[in-house]
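Geometric and topological summary
If you want the building blocks of each chain, they are given just below.
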Amino acid sequence: MARSDNRPLTLRDVSEASGVSEMTVSRVLRNRGDVSAATRERVLEKAKELGYVPNKIAGALASQRVNLVAVIIPSMSNMVFPEVMTGISQALDDTPLQPVVGLTDYSREKEEKVLYEMLSWRPSGVVIAGLEHSEASQAMLKASGIPVVEIMDVDGTPVDSVVGISHRRAGQKMAEAILKGGYQNIGFLGTKMPRDHRARKRFEGFTEALAKKGVEIMDREFYSGGSALAKGREMTQAMLEREPELDFLYYSNDLIGAGGLLYLLEQGVDIPGQMGLAGFNGVSLLKGLPRELATMDACRKEIGIKAAEIIARRVENPDRTEPERIVLEPTISYGDTLRRP
């Protein structure tokens, strides 16, 4: 059932799509009353297909909205997202809006569940990390009738507005800097690559830029655990035992890069002469290391600020429905581990 307007879905929409009364739809969604299994299945299927989310506050507020902004991110233990939240909170300070957070642990299934629950409370807007979502999540976001801002990544097609960086471009820029520094035997160490789409895109951009210059990755290693210093040490040691000719290691994030740096310093390796290193995210906490790790700023706080500002503008001016696309440009910090060209 196509809808040309931007209003949120109602029980009537589900009723018309499934061919039963609104009362029957209500009974099914509230799991009440005597409804046949076939009818129940049909109603639930149509509701999911349309992206309909029951309104838990229907009738409680005349506006049918609460002054909450749903912020859906993968993790708070990852150092990246607290800075994003700082930016969001800062931008909403002078508005009636308040952020509420849901965590997905990089799982599409969990993201779908979190989104369903948060939309059921009818927030004023949604800020959600990434551009890759399940079909059901996509349907819910499109049918919500509220401003949606996808953050962190711009390499893809957003549901509504988007704020972030091009991770493919970030990978390309780092590859170009490494080659200009005179390094040729390059290894890549990554984390959560199957589920962390942004890390995957950086890797793709990185390898594409190397290939254009006739250089191939000498070795690579991925793991599914958390971003830990200890894991960075272990991966670095294992890779250098396999490929002692390596002269540069590019890590998918700063934390495992810091682990690798500490291991190499213990081994007495000349950095950045004999071996160069770089991470990603520009985590300020790691500036206290014996050597400053080369990295790239992911514009985290600025992304949070820009995303929250879009939500606030749209809430203040409901007729303003035009999506916004804000692409930020990260910069390389050479630190003490990457030779400058």
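None of these values were measured; they are calculated from a predicted model.

A look at the pairing of strand S8 (residues 248–251)
On S8, burial covers both faces: Phe248 and Tyr250 on one face and Leu249 and Tyr251 on the other are all buried. Alignment of strand S6 (residues 186–191) against S8, held across four bridges, turns out to be parallel. Residue pairing in the sheet places Phe188 in a bridge with Tyr250 of S8. As for the winding sense of the linkage, the β-α-β connection from S8 through helix H10 (residues 254–266) to strand S9 (residues 276–278) is right-handed.

Thoughts on the side chain of Lys173
Take Lys173: it is sitting in helix H7 (residues 167–180). Apart from residues no more than four positions distant in its own chain, Lys173 is found in contact with Met296, Glu329, Pro330 and Ile332.

A short note on the pattern of salt bridges
Counted under the stated rule, the structure contains 17 salt bridges. Between Arg12 and Glu22 there is a salt bridge; the shortest N-O distance is 3.4 Å. Here Arg12 is found in helix H1 (residues 11–18), whereas its partner Glu22 is found in helix H2 (residues 22–29), with ten residues between them in sequence. Between Lys231 and Glu234 there is a salt bridge; the shortest N-O distance is 3.5 Å.

So, the packing of aromatic side chains
Applying the stated criterion to the full structure yields seven aromatic pairs. Measuring from ring centre to ring centre gives 6.2 Å for Phe188 and Phe206, while their planes differ by 40°; the resulting arrangement is tilted. Here Phe188 is found in strand S6, whereas its partner Phe206 is found in helix H8 (residues 197–212), with 18 residues between them in sequence. Residue Phe188 shares its accessibility class with Phe206, and that shared class is buried. Ring centres 4.4 Å apart and planes at 40° place the aromatic pair Phe206 and Tyr250 in the tilted group. Placement of the pair is Phe206 in helix H8 and Tyr250 in strand S8, with a sequence separation of 44 residues. Take Phe206 and Tyr250: they sit in the same class, and that class is buried.

Focus on the nonpolar core
Judged by nonpolar contacts, the single largest core of 51 residues is most densely connected at Ile151, Ile178, Ile186, Phe206 and Leu338. Apart from residues lying up to four places away in sequence, Ile178 is in contact with Tyr183, Ile186, Phe206, Phe248, Tyr250 and Leu338. Counting 22 residues, the second-largest nonpolar core is a separate cluster that includes Met239, Leu246, Ile271 and Leu277.

A few points about the sheet that holds S6
If you walk across this open sheet you meet the four strands as S7-S6-S8-S9, and the pairing is parallel. If you trace the sheet from one side to the other, it starts and ends with strand S7 (219–223) and S9, each paired once. Shown here is a sheet whose adjacent strand axes are inclined to one another by a mean of 10°, direction ignored. Looking at chain direction, S6 and S7 are connected through five bridges and run parallel. Its bridge partner lying in S7, Gly190 is registered against Phe222. Contacts from H8 reach S6, S7 and S8 within the one sheet, and its direction differs from that of S6 by about 170°. Lying over the sheet, H10 contacts S6, S7, S8 and S9, oriented at roughly 150° with respect to S8.

Observations regarding the sheet that holds strand S4 (residues 148–153)
In spatial order, the strands read S2-S1-S3-S4-S5-S11; together these six strands make up an open sheet with parallel pairing. Since the sheet does not close on itself, it has two edges, and those belong to strand S2 (98–103) and strand S11 (325–327), each with one partner. Between one strand axis and the next, the sheet turns through 15° on average, direction left out of account. Where strand S1 (residues 68–73) and strand S3 (residues 125–129) come together, four bridges link them in parallel fashion. Across the sheet, Ala70 pairs through a bridge with Val126, a residue of S3. In the packing of helix H11 (residues 300–316) onto the sheet, contacts are made with S1, S3, S4, strand S5 (161–165) and S11, and the angle to S5 comes to roughly 170°.

Some details on the side chain of Ser166
Structurally, the position occupied by Ser166 is in the loop between S5 and H7. With sequence-adjacent residues up to four places away left out, Ser166 is seen in contact with Val154 and Asp155.

Here's the deal with unusual backbone geometry
With an omega of 10°, the peptide bond running from Ile271 to Pro272 counts as cis. Not every positive phi belongs to a glycine, and Asn281 is a case in point at roughly 120°. As for its position among the elements, Asn281 is in the loop between S9 and strand S10 (295–296). Exposure remark for Asn281: the relative accessible area of 9% places this residue in the buried category. Residue Cys299 is not a glycine yet carries a positive backbone phi of 60°. The residue Cys299 is located in the loop between S10 and H11 in this model.

Calculation criteria
Residues numbered from 1 in each chain as written. Predicted model: local features only at pLDDT ≥ 70, side-chain atom pairs only at ≥ 80, totals over all residues. Heavy atoms only, no water. Buried < 20%, exposed > 50% of the residue type's maximum accessible area, 1.4 Å probe, protein only. Helix = DSSP H or I, 4+ residues; strand = E, 2+ residues; numbered from the N terminus. Pairing = 2+ DSSP bridges. Right-handed = clockwise from strand over helix to strand, strands pointing away. Contact = heavy atoms within 4.5 Å. Salt bridge = Lys/Arg side-chain N within 4 Å of Asp/Glu carboxyl O. Phe/Tyr/Trp six-rings, centres within 6.5 Å; stacked < 30°, edge-to-face > 60°. Core = buried A, V, L, I, M, F, W, Y, C linked by side-chain atoms within 4.5 Å. Axes fitted to C-alpha atoms, helices over the stretch in contact; angles between N-to-C directions.

These figures come from the coordinates and say nothing about function on their own.
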